Structures are given as structure tokens and as C-alpha cells.
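Chain residues, written in single-letter form:
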Amino acid sequence: MKKFRKVLDGLSSSSPGGVASPSCGSAAGTPTAHAPTPQDIHVQETLVSENFHICKTVRHGFPYQPTCLAFDPVQKILAIGSRTGGIRILGRPGVDCYSQHESGAAVLQLQFLINEGALVTACADDTLHLWNLRQRRPAILHSLKFNRERITFCHLPFQSKWLYVGTERGNTHIVNIESFVLSGYVIMWNKAIELATKAHPGPVVHLSDSPKDEGKLLIGFESGTVVQWDLRAKKVDFRIYYDEAIHSVSWHHEGKQFMCSHSDGSLTMWNLRNTARPIQITYPHGKILKDGRKESCKPILKVEYKTSRNSEPYVIFSGGLSYDKSGGRRPTLTIMHGKAITVLEMDHPIVEFLVLCDTPYSNEVQDPYAVVVLLEKDFIVVDLTQSNFPIFENPYPMDIHESPVTCTAYFAECPPDIIPILYSIGAKQKKTGYSHKEWPVSGGTWTLGSQTYPEIIVTGHADGTVKFWDASAITLQMLYKLKTSKVFEKPKVGEGRAGELVEEDPYAVQMVSWCPHSRLFCVVGISAHVILYRFSKHDANTQIVSLEVRLQFDSEDVISPSEAENNPCFSDPSSHSPQPPGSPGSGTQDSLPCLKVKNRPVRMPPGYQAELVVQLQWVDGEPPQQITSLDINSAYGLLAFGNCNGLTVVDFLQKTILMCMGTLDLYGAADPYQRLTRSPRKNRQSTSDFCMRGLSHFYSDSKKRIRTSYQSLTELSDNQVSMDMERSKSPTSVPYPSSLHYDPRSMPEPVASLRASHCSPVFYLLDNVKGPGRKLSLPTDLKTDLDHVNGHCTSPTSQPCSVGKPRITGVPEGPRLTRRGPGRPPFRKAQSAACMEISLPVSSHTEGGYASRRAMLQQLHGVSMYSHDEHHTTSYNWSERAESRENSFSRSRSSSVSSIDRDTKESVTTLQFGESYGRKGDALPTACLWVGTSLGVVLLLPISIPTEEEERMEEPITMGPSGTVLMLKGSVLRFAFLDCGGALIQSPYEVWRDPNGPEDPDRPRRRKLVNFSPSSSQEACSDGHLAVVCSEKQAKVILMPTQAVLFTHNITESSFLLRADVVSVCNSVCLACFCANGHIMTLSLPSLRPLMDINYLPLTDLRIARTFVFTNGGQALYLSSPTEIQRLTYSQEMTDNLQDMLGELFTPIETPEAQNKGFLKGFFGGNAQTFDREELFGEAAAGKASRSLAQHIPGPMGLENMKTAAGGVVGDLARARIALDQRGERLGELEERTALMMNSAETFSTHAHQVMLKQKDKKWYQL
């Protein structure tokens, strides 16, 4: 410690040049000038590279774009295939496994090897895969690729090792499941149909063996032909022809009749005794019209015909509604039970359904007890045992996407009492009317892991709801749901500003801030509003306090290059002010917020109750800009938020506004930029007229296209790839021209500097006069650097974004073009977290710049550009393909703030309350607010807070800029504080107390504060603390209060960071970063030594950029699809323990024995006839299949290795069980071989004895 004090003395005596330039200290751990070396800091760093490893843990949510469904009736596990090649296997709660085909081809069909611990998948690339489920993470054992035919249907009989595969050509192939090779036995389509038939029967749509005789295979062709093929005799038993196409076939369990569903909405019943015509034709939802014609109906896509011992048979099917009725009706599932017909309407289209039965044998009475229905965006199970057919309560978190997710937050190591309290409150919100029976999908085993701690995931949604999820022990369970829209009055049609928002999402959650200790919760909405909630166990009837803030500043200064730079200065840059002249009709919107808070006492149920609402106002007809940063501190009683205009600090205890300042005003005298005065705004009518003329020819079409594109986004379509890359960015989209931009830079940028925008078209309007082109971005640019709805605020390292055009000498300018007319809504429907967008920077003045930019645009967007000499025209291409996704984040962002970012508005990108030193000369830490901006500037605002509680509620709080300025490359992303021992300093907080709880007159309620001062763990108060600051490009560790930069590390040059968090891992702390190029990196603290750098996502999905978040314990999460949350770990310790935390998919269960039907039934043909498929399909009888027909691909690991890959105690038991089974199989094989040898020996002995008897009486000369 003495040595460390000497370091402080040396720093205080050194020159005040402790703020290093961005170019200093590029290497990790390299000390900057006039700063102590890392060896002088007595911090024992314990983290090493071996402590880190990237591994996916579990995926939560509804499988995105599902395609098929399968169920194992013995193991009672369920599998769902998806269009992206994913497989989701579900069992009892806690048994949830996700696997992915490497090819990414859609899964067409799933087939369980019932009670064998294996699964067969048929994919759209005509490949069959065999998955091993006898381990916690399934893996592929074998693959079979069909080369000449396309797979359309598969069928695997129970307890059979031969898989029937139907193809598009109408042929049926047979695959051996054990070896995964084709049999030489093939049923050709021309042998299945009559020779006189001239037309091709179509693809195979159904395959099933007869319940009565396994040697008979029923083949259904799409054209309406059904054939029963005798596998032994290799001939057709009967053929059925029907005029309508067949969609599915279902047997009666006795094997004497079957039912077909057809494309005209009809069901036909066929009896094997008379196959000339159906014994019954029904149109369940079709009526006979007055003229005698039948009502036309939609196809019945699938039918299930199930018998029951104690009641009439069940006929369950999807579709079949008449076209007249189905126009305004939702998709339906129909249950026909005797004469009763029940129609269940679904919220989404039905993908597939399965009827769950007690027995796996098809020749027994089925006794169905439930129907599993897979919808496009939901998953339900219907209870068939009750007459009203209730649904089961789903134990899986399948409703994450109930409204599109717009933001996420992840909290590990929460207080242990917070989850039970939230669950008890949330239990009152649950719906009723569910079935009282247990969830039928109950397979697998799962035990609570040894290393578990409370974890909570918070998701914000487009409809304004916030959901709290219990994420402990790699599970996910809904805890509590909060609706922020209840704070506001419902907009009514035609009521001015509110009427414009009726059909939109004005309540969409943009970001959240939560303190689990004090239970304060803060929500930022898309309509530039902040809501503060307090938690209470009691209901209340209170008035919500509303504050309105005018955070719209018009600075007369713009950022200019420094005198040391040689770049040309623009002496006449255009205004970057967000305040246009008042437009007609804008006066009704000025000084008003976007939403109206309820002005009456509101009854609030137990849980989170709104206490304060802060809203930004309209100014001069312009809507408020999006809030880009937020922080709240319960101990200080302060709330701070900022946007591209400035910073606002609110005292939520006194319900007052403490500060409302523009970003430039925060600098005071310590402004690091030179500001050039700007002439007053002049008339720019000519600019406005020209731009509107340029827009007129495509405006209506673009609006229509973008609205259509957005509607697909809100329907959770994954076609969009235009997404925001900043977690705090607005999820709105504006489907009309929002802003005009120009770039005053004279030097063209390299190709790497492009910001790829895959969804929104980018237009360039070239003026008749010589000068830079205009850029019009549709919809609004949601840029990576906190660009707001109107496009005023851009990244410090991206292109400037100002309205207007450079003035030309002698040419008068018209009035400024307003970006939004009085009739245009300020916000559009909120997109999900998947909807983010990056705009392309405009080129320079030179012709070479235009040429290169044109090539870039053609490559990325298909947008063709012509220079001024090419007829002054612009061609537009609306291609929305994402062929350049790999270029999404490949832009190069310059670190020169002065040269690149002049004429740029500066956003407040991050805020952090904490105990620190507001000025260099401070001896004691005080409350401070750390402010980070989009230009990489760090500001400190010391706060003076009364210490006594009575004074705190009455005396005003004082705060103001201290003039402290630190600089980094890129936008500032994160602050964190360490003590001089390297331990993380938490922000002070207030211990939670129920605001509506009963008061004790003898013990008055007082605030209890917990303060983590930097000096609390030190020997002397003068030891200070370390501040960790991370930006998009760079990380620095600063010694306070001297503000000397101890360590600097340039994290990336070619890309930029999307997320950075200081987290605790293995009883230490590190800086975890997620880069736009897909790399996940960790740096030690405080030395910033690289510990891990893994290319986790080579082709970065832009959705991840919005939702990626790190947390303590080496965990992270992101939204992998619009409906799923992917959790991962970057800790080696958790990776090692992961096997014990995952559930077992396979459990040893005895296969139920087939029922004995008795002598009489067996005598009269009731029992099913069995036959040896090996004799028919084996290589000895059927020969080998053509090698060119299919190619066998072995799995990545052998069967033995795959079975020994499971870990943990259950894995050991499983391995022992597998070894025992293998030993039994080997003993059985040995016994069979011994019996064969004995038979052979007996045969030899018999032949030898016969020879001896024959030759016994012969003489030697007769031999």
C-alpha cells in the first residue's frame, strides 16, 4: 500500500496531461505516458485464458418456423422440427434440448424409434439423419443422402429396423436403420399402378403397414390413388381410385377399414372387402345448397381415426371449412366424437397435430387421451378425456413472442427473496380454465444442478408489456407480467396527436433499468417517456405524478476540425439543430408529450406500481427524440436519461427536474472541440421544392412496400435483416421519407466503411447543381450509434447527419424542409428486436468517389447510381435479398473525432451513478454521475445530496458539470468502478421497504441505505479507485481522483463493439465484449490483458446485436430468432458442470407387452400377422441398392463414442446400462454361435456315422 501511495504522489506531482490521446497505448497492458506501470498496481489478477470457454447452454421459447411434429408414446418425449434445420426435443419441465442440422435444411418429417432412444429426421435436402438420444446432447450417428429422388414421406413401423421412404417420383425405398444403407427391395410406381393407367400417380403422400398384417403396405399417392402392396408376394392386393387428391390416411385398429382426407374437404371411409367405392363420404363442414350442389370446402390436411374402449371412435382433423365460412374465421381443429362435433378455433395456422394414445401398437384399441397441436406461433395440448376439451397449462416458456421482443436484460446472483415474491404476485395473473390433469409430455429426467443461483431475465415487448422470467438452473419460467400501457389514457380515433397513434405501438419498451435490491424498476418507452415503478405487496389507489421535459436545444456551434488538422474546414456548414420553423398545424403539438398520462387516481394491484412518468415534449412540430441512455439510483433518489439533444436528471423523491441541459452545455469551459459560429437559418424554399419533386415519383410505392415489409416483421417473419445494432436504440420504423442527409467530407471512404442496410431501400437524389448527393433513408435510420427517429443523431465515428444542403454563394435558400408534416404520426409500429437498420454513408464530391460508391451500392443493395454527367438520373432497385449479410458489420470507423465528426450531434450514450471523485482535487468521494457520449467523451457531474432524511425530502439537490473531460475512440458503452484491490464496487442502493405497508407509530419508517464507497475497503480515503471505461473501439482504466489513464487497450480496429459489460467470473472480474464481427472477447481487469477472443458468430445475425447481454457467472443471452432466447456460457467452470445441469432425454423403460386378444379372435384372424422383414429386405434376398441412388455419410462420432459422451452420475449409470445391454447382446450372439456350432457338429457326426455304416462291410479292395 505504501508503494501505491508513492504512485499517487508521483501522479499528483506530474503534469496534468494524464488524459491520453486515443492513439496512445494501443497494445494491451501498455502504460500510457506519465502514468504508473501495471507492476506498480498491487492487484492480483487470478483470471487466465483457461477459465474461459464458449458453449451454448439452452434455448428457450417457441421453435421458430416449425414444420413437423413427432411423439414417442413410451418415452413420452416430443420433437419439433423447424424450417431452419433445428430440432427441439421436450420432456418434463427441465428436459428441453435443442439440436441443429449443419446444413440448415428444413426438417420435413420426424420419426422416433419408439423406446430406442433414437430419432430419424428427413430434411428438405433429401437427406435422412439418425440421431442418438441416449445422451444429454443428441448427435447424428448416420446420414443418407438421396441423389436422384426427393423424399416426400417416411414411415417406421413399431419395433422395426426398416424405414419406408416415399419419393416424389412415386417410388418407395427401404432403409436399414442400423446400418443406414438402402435395401435392394424397391416398390416402383409403375408396378404399383395398373398397366392401363397412362397418368403418373404423383408423389407418395402416405405410407403405413396394415394393423392386421405387417406384410401389407398401404401406399397413398397424391393423385387420389391408394394401393395395398403385398411385400412377400411383391404384388398389389387392391387399388383404390378417387377423383380428389389425398392428403392423409388413417387406419382403424382392426385393419379392416381406413379413412382418407381429400382436397375438397371430404372424408372417405374404405372397407377392404369392397374397394370399388367408399362405404361412406362425408363433408363435415359442407352443406348441400338449394340447387343441389355441395358447398365447396377447403382441404382437410390431416385426419386421425382413433377407437376407444368405452365410447365412440374419435375422428379428428384440421381444415375442411367451407370457403364462405372460413373467410372471417380462424384456423380450426375439429373433433368428431359420435354425433357430437366440436370445432376448436386456433389463433394461428395449424402446422401439424398428433393424437396421443396409451398404446404404441397400431392393432390395439387406441384410447386417445390428448391432441398435440403445433401452430405457426404457438403450441397447445387439448385434453380429450373431458367433454369440454380444455387445454393443458403449458409448462414451457412458449409465449416469449406473445408480443415482439424489443429489449432484454439479464440479472444473475439476484437477492434470494426476489423470485418467490415475484412468483407469488404473478401467480394471481395466471389464466384459469386449464385441464387439471398432469402435462402428458412427461419423459426424461432432470435434477437441479449443484451450482445454481437466482437468475432473472427481463424482456420488453412492442405492446408495452414487461415480463420477468425465472432463469435459475438453465430453466425458464414466467414470474410476473407488467403492462406499462395502463399508465396512459387509451388513444381515441380522431383526437389529434393521439389519433395518429391508434394503430401503432406507442408503448413499445425501448430499455429497462432494474435494481433487484431496492426493487425499483424503470422503463423507457418508444414515445420518449420514462416510467418509474415501485414494488409493493399491497394494492393501492394513487395518483401518478407526471413531469414533462423540453429537451430540444438549438446550439449555435458545430464541431469543427482542430487547428492541428490539415483537413479542409467547412466555414458554412448547415444547421444540425432539430428545431425547424413552425409548420402549419404544429402549434397544437408544441409543448405536449406524445401520450397522455391518466390524471385520476388509479387502482394498482400488488406488484410493480407506477409512481412517476417523465415525458419529453414536442418542439416546433417535431416529436421528441428517442431516449438513448438511462440510469437510476435508489440511494440518491435520482433518475437520469439522455438522448441526442442532452441530459435530464430527475429527483424522483421530490418529483422535480434537477437538470435539463444540452450536450454541449455539459462541457462548460472544458469543451475539447473548436466551435465555429453559424449564420442564422435562412429561407430554403428551393431545396424543399426540389426534394419534394424528387420524391413524388416513388413516394407512394415506397410507403406501400415498407408498410408491407413492416407487417411481416410484426408477424415474426425472419425475412428482415435490417436491424439496429445498439441495445438502446429505438425499435420504430417510419414508412415515409424521414430526413435528408449530406456528407461534407471530400475524401471517399473505403469499402469497409459501408454500413449495410439490407431491408430499407436507400435513395440518392442528385441536385442539378454540382455538389454532394442527397441521401434519403426509408424507413428511418436506426443506426448503430443511437440514431433517433428523425435521423439527427449519428455515431461519432460514422457519417454526419444534418438536414439541408451546403449553401451556394449568391443563391438564396428557401425555408427548411420539415421532415414530418402535421398529419404524419411521429412513431410507427414498433418492430421487434430483430428489426434494426444501418444506413450507408454518402460519397464525396469527386467523380471517383461516386464511382466507387456506385459499385458498393450495387454490391450491397442493387441500387444503381449515376453521376451528374449521366443524365442526372437515379435508378432504384427494391431488392430485399440479404446476399451481403457478411458485410453487415464490416464498416471501418475512423477514430479521428475532429475530422470525421464535425457537424455531428452528440448523443448521451451511457450513464452511471456512483461514488467517485468529481474533481481532481477532491479528497473524499461523493455522489457523481458519469456521462458518456457518442463522440467518446466522458464527463463527470458531482452531486451534492443532503445527508439527513428530512433535509433530503425538502432541501434541493445541487449538481453541475465539473469540467472533467476524458476521451476514447467511438461511442462510450460502459462504466464500472473497481477499488484498488481490483474488486468491483457496486452502486449504493436503498434497502427495499413496502411503500404501502402498514406503518408502526412507535417506529417511524426511515430509509436504509447501503453505500459501497471506494474508500470503505481501503486503509485511507486518499487511495481512490479505478474507473473502467469501454467504448466501441477502446477500453481504458483510469485512476481516480488524478484521472490518469493507467491502461489502454484498442479492442478492435476493423469493427466495433455492440455490447460491453464488467462481470464477475470465478471470484474475479473481467470486461466481456461482443463485437460486430461476431467475436466474443474477455479482458482482464485492471490490466486489460486479452483472455479470450473467439469468433462465435462468423455471419453476425443483426438481431443478436440488439439483444446480446452479458451477466455475472460467465453467462450471456441473445434473441436467436423472433421467438427464441439462446443462452450461452463463456466460463470453463460452468461448461464442465453443464452435463449435470442438462436433462436426460432417454430413460430405461420396459416396452409394454401387446395385449392377448384370446383364442377366438386369433382363430378368426384378429391377431396381426408377423413376418421377418430381414428375409425380404436383407442383402441376401433383395441384393444391394444402386450406389448412385443414395450416399451413406457416417456421423462425426461412432456409436460407442456417442454413447459414452454423456457426463455426470446419470450419464455413468446410462453408460453402465448400455455396457450391460451390449454385454447381454454379445452373450446372446455367443450363445447363438455356440448353438450353430453344436448343430454343425451334430450334422457332421451324423454324416460321419452314415459313411461309416455304408463302408463298414466292404473289403479294402472295394473301397
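Keep in mind that this is a model prediction, so the values were computed, not measured. (Residues numbered from 1 in each chain as written. Predicted model: local features only at pLDDT ≥ 70, side-chain atom pairs only at ≥ 80, totals over all residues. Heavy atoms only, no water.)

## Here we look at the overall build of the protein chain
Quick reminder of the rule: Comment: elements are numbered from the N terminus, with helices defined as DSSP H or I runs of at least four residues and strands as E runs of at least two. With a 1.4 Å probe rolled over the protein chains alone, any residue whose accessible area is under 20% of its type maximum counts as buried; one over 50% counts as exposed, and the rest are partly exposed. The contact criterion used is simple: two residues touch if any of their non-hydrogen atoms lie within 4.5 Å.
When helices and strands are tallied, the protein chain shows 17 helices and 68 strands. The buried share of the protein chain, reckoned over its 1263 residues, is 59%. The contacts of the protein chain with a sequence gap of at least 6 include a subset with a gap of at least 24, amounting to 65%.

## With respect to the confidence of the model for the protein chain
The line we're drawing: pLDDT is a residue-level measure of predictor confidence that goes from 0 to 100.
Summary statistics for the protein chain give a mean pLDDT of 75 and a share of 68% for residues scoring 70 or more. By mean pLDDT, the top-scoring element of the protein chain is strand β3 (residues 66-72) (97), and the lowest-scoring one is strand β48 (residues 762-765) (28). Here residues 1-38 scores under 50 on pLDDT; set against residues more than four positions off or in separate chains, the count is 77 contacts. Segment residues 676-903 is flagged for pLDDT under 50; beyond a separation of four residues in sequence, or across chains, it makes 642 contacts in the model.

## Concerning the pairing of strand β52 (residues 937-944)
Put simply, the rule is: Two strands qualify as a pair provided DSSP detects at least 2 bridges between them.
The buried fraction of β52 amounts to 7 of the 8 residues, a majority that puts the element mostly inside the structure. The antiparallel hairpin formed by strand β51 (residues 926-933) and β52 contains 3 residues in its connecting segment, where Gly936 sits at a positive phi of about 80 degrees. Two elements, β52 and strand β54 (residues 965-967), share 3 bridges in a ladder whose sense is antiparallel. Counterpart to Val938 in the pairing with β54 is Leu966. In this sheet, strand β53 (residues 958-959) lies alongside β52 in antiparallel orientation, the contact comprising 2 bridges. From the neighbouring strand, Ser944 faces β53, where its bridge partner is Thr958.

## So, the sheet that holds strand β44 (residues 646-651)
Note the cut-off: Axes here mean lines fitted to C-alpha atoms, for a helix over just the part in contact, with angles spanning 0 to 180 degrees between N-to-C directions.
Taken in spatial order, the 4 strands of this open sheet run β42-β43-β44-β45, and their pairing is antiparallel. Bordering the open sheet on either side are β42 (629-633) and β45 (656-662), each of which pairs with just one other strand. Averaged over all neighbouring strand pairs, the angle between strand axes comes to 10 degrees, with direction disregarded. As paired elements, strand β43 (residues 638-642) and β44 share 5 bridges and run antiparallel to each other. Paired with Leu638 across the two strands is Asp651, which belongs to β44.

## Let's talk about the environment of Asp324
In this fold, Asp324 is placed in helix α3 (residues 323-326). Sequence separation between Asp324 and Lys298 is 26 residues; the distance between their C-alpha atoms is 9.9 Å.

## Some details on helix α12 (residues 1132-1141)
Applied cut-off: This arc is built from the directions going out from the helix axis to the C-beta atoms.
Those residues of α12 not exposed but buried are Met1134, Thr1135, Leu1138 and Met1141. End-on, the buried residues of α12 take up no more than an arc of 105 degrees, which puts them together on one face. Next to the buried residues of α12 lie β2 (52-61), β66 (1115-1121) and β67 (1124-1131).

## Examining the nonpolar core
Here is the rule: Residues belong to a common nonpolar core when they are buried Ala, Val, Leu, Ile, Met, Phe, Trp, Tyr or Cys residues joined through side-chain atoms within 4.5 Å.
Of all hydrophobic cores here, the largest spans 37 residues; its most connected members are Ile456, Val458, Phe468, Phe521 and Tyr608. With 5 residues, helix α4 (residues 418-426) is the largest single contributor of residues to this core. In contact with Phe521, not counting residues within four places along its chain, are Val458, Val466, Phe468, Leu482, Val512, Ser513, Trp514, Ile531, Leu532, Tyr533 and Tyr608.

## Considerations on the state of the cysteines
Put simply, the test is: When the sulfur atoms of two cysteines come within 2.5 Å, that pair is taken as a disulfide.
According to the stated counting rule, one finds 0 disulfides in the structure shown. A disulfide-free cysteine, Cys1075 has its sulfur positioned 8.5 Å from the sulfur of Cys1073, the nearest such atom. Under the relative-accessibility criterion, Cys1075 is labelled buried at 1%.

## Points about the pattern of salt bridges
Rule in force here: Note on definitions: salt bridges are taken to be side-chain nitrogens of Lys or Arg within 4 Å of carboxyl oxygens of Asp or Glu.
Per the stated rule, a full pass over the model turns up 32 salt bridges. As a salt-bridge pair, Glu611 and Arg534 come within 2.6 Å of each other at their nearest N and O atoms. With Glu611 in strand β41 (residues 607-616) and Arg534 in strand β36 (residues 529-536), the pair connects residues that are 77 residues apart, well separated along the chain. As far as the burial class goes, Glu611 and Arg534 line up, both buried.

## Focus: the sheet that holds strand β65 (residues 1109-1111)
Picture the strands of a sheet paired through backbone hydrogen bonds; they go either parallel or antiparallel. The sheet built from 4 strands is open, its strands ordered β2-β67-β66-β65 with antiparallel pairing. Because the sheet does not close on itself, it has two edges, and the strands there are β2 and β65. This sheet shows a mean twist of 25 degrees between the axes of neighbouring strands, independent of strand direction. Sheet analysis places β2 next to β67, joined by 7 bridges and oriented antiparallel. Paired with Val58 across the bridge in β67 is Arg1127. Taken strand by strand, α12 contacts β2, β66 and β67, and its axis lies near 50 degrees from that of β2.

## Here's the deal with the side chain of Gln111
Test applied: Counted as a polar contact is a pair of N or O atoms within 3.5 Å, where, for protein atoms, one must be capable of donating a hydrogen and the other of accepting one, and residues adjacent in sequence contribute only when both atoms are in side chains.
Here Gln111 lies in strand β7 (residues 107-113). Within polar-contact distance, the side chain of Gln111 engages the backbone nitrogen of Leu156 at 3.4 Å. For Gln111, the residues in contact, after removing those within four places along its chain, are Leu119, Val120, Cys154, His155 and Leu156.

## Concerning the packing of aromatic side chains
The criterion, for reference: Here is the rule: rings of Phe, Tyr and Trp (six-membered ring for Trp) pair when centre to centre is within 6.5 Å. Planes less than 30 degrees apart are stacked, more than 60 are edge-to-face, and the remainder are tilted. Whether a charge sits over a ring depends on NZ of Lys or CZ of Arg being within 6 Å of the ring centre and within 35 degrees of the ring normal.
With the rule as written, the count across this model stands at 28 aromatic pairs. Geometrically, the ring pair formed by Phe535 and Tyr608 is edge-to-face, given 5.2 Å between the ring centres and 70 degrees between the ring planes. Taken together, the residues Phe535 in strand β36 and Tyr608 in strand β41 connect sequence positions 73 residues apart. The burial state of Phe535 is the same as that of Tyr608; both residues are buried. Ring geometry for Trp930 versus Phe977: centroids 5.3 Å apart, planes at 55 degrees, classification tilted. Taken as a pair, Trp930 in strand β51 and Phe977 in strand β55 (residues 972-978) lie far apart in primary sequence, 47 residues in all. For the pair shown, Trp930 and Phe977 are each scored as buried. Each member of the aromatic cluster is reached from another via a ring pair, and the members are Phe411, Phe468, Tyr480, Trp514, Phe521, Tyr533, Phe535, Tyr608 and Trp992. In this structure, Arg134 packs its charged tip against the face of Phe1146, placed 4.2 Å from the ring centre.

## What to know about a negative patch on the surface
The cut-off we apply is this: Like charges are joined within 9 Å and nonpolar side chains (Val, Leu, Ile, Met, Phe, Trp, Tyr) within 5 Å, but only among residues with over 30% relative accessible area and no salt bridge; these make up the patches. In short, Shrake-Rupley with a 1.4 Å probe defines the accessible areas, and a residue's cover is counted only from the protein chains shown. Two residue types count as positive, namely Lys and Arg, and two as negative, namely Asp and Glu; His and chain ends fall outside the count. Charged groups are reduced to one reference atom each: NZ for lysine, CZ for arginine, CG for aspartic acid, CD for glutamic acid.
Together, Glu948, Glu951, Glu954 and Glu955 line one region of the surface with negative charge. Among the structural elements, Glu954 can be located in helix α10 (residues 949-954).

## Details of the pairing of β7
Here β7 lies mainly inside the structure; 6 of its 7 residues are buried. Two elements, β7 and strand β8 (residues 118-123), share 6 bridges in a ladder whose sense is antiparallel. From the neighbouring strand, Leu110 faces β8, where its bridge partner is Thr121.

## Here we look at α4
Those residues of α4 that sit buried are Ile418, Ile419, Ile421, Leu422, Ile425 and Gly426. Mapping the buried residues of α4 onto a view down its axis gives an arc of 165 degrees, with all of them on the same face. Looking at the packing, one finds that the buried side of α4 touches β31 (455-461), β32 (465-470), β33 (477-483), β34 (509-515), β36 and β41.

## Side note on the environment of Leu664
Mapped onto the elements of the fold, Leu664 is located in the loop between β45 and β46 (674-677). A relative accessible area of 22% means that Leu664 is categorised as partly exposed. Distance from Leu664 to Asn645, taken between C-alpha atoms, is 8.9 Å for residues 19 residues apart in sequence.

## So, the environment of Asn996
Among the structural elements, Asn996 can be located in the loop between β56 (989-990) and β57 (1009-1010). In this structure Asn996 comes out as partly exposed when scored by relative accessible area, which is 28%. Remark: the alpha-carbon pair of Asn996 and Asp539, spanning 457 residues in sequence, is separated by 7.6 Å. A polar side-chain atom of Asn996 sits 2.7 Å from a polar atom in the side chain of Gln609.

## Some thoughts on unusual backbone geometry
Of the consecutive residues Met1040 and Pro1041, the connecting peptide bond is found in the cis state with omega at 10 degrees. Here Pro1041 shows up in the loop between β59 (1034-1040) and β60 (1044-1050). For the bond running from Leu1085 to Pro1086, omega is 10 degrees, close enough to zero to count as cis. Looking at the element boundaries, Pro1086 is found in the loop between β63 (1079-1084) and β64 (1090-1095). Here Ile474, not a glycine, exhibits a phi torsion of approximately 50 degrees, which is positive. Assignment of secondary structure puts Ile474 in the loop between β32 and β33. Backbone geometry at Asp620 places phi at a positive 55 degrees, although glycine is not the residue there. For Asp620, the location among the structural elements is in the loop between β41 and β42. A relative accessible area of 23% means that Asp620 is categorised as partly exposed.

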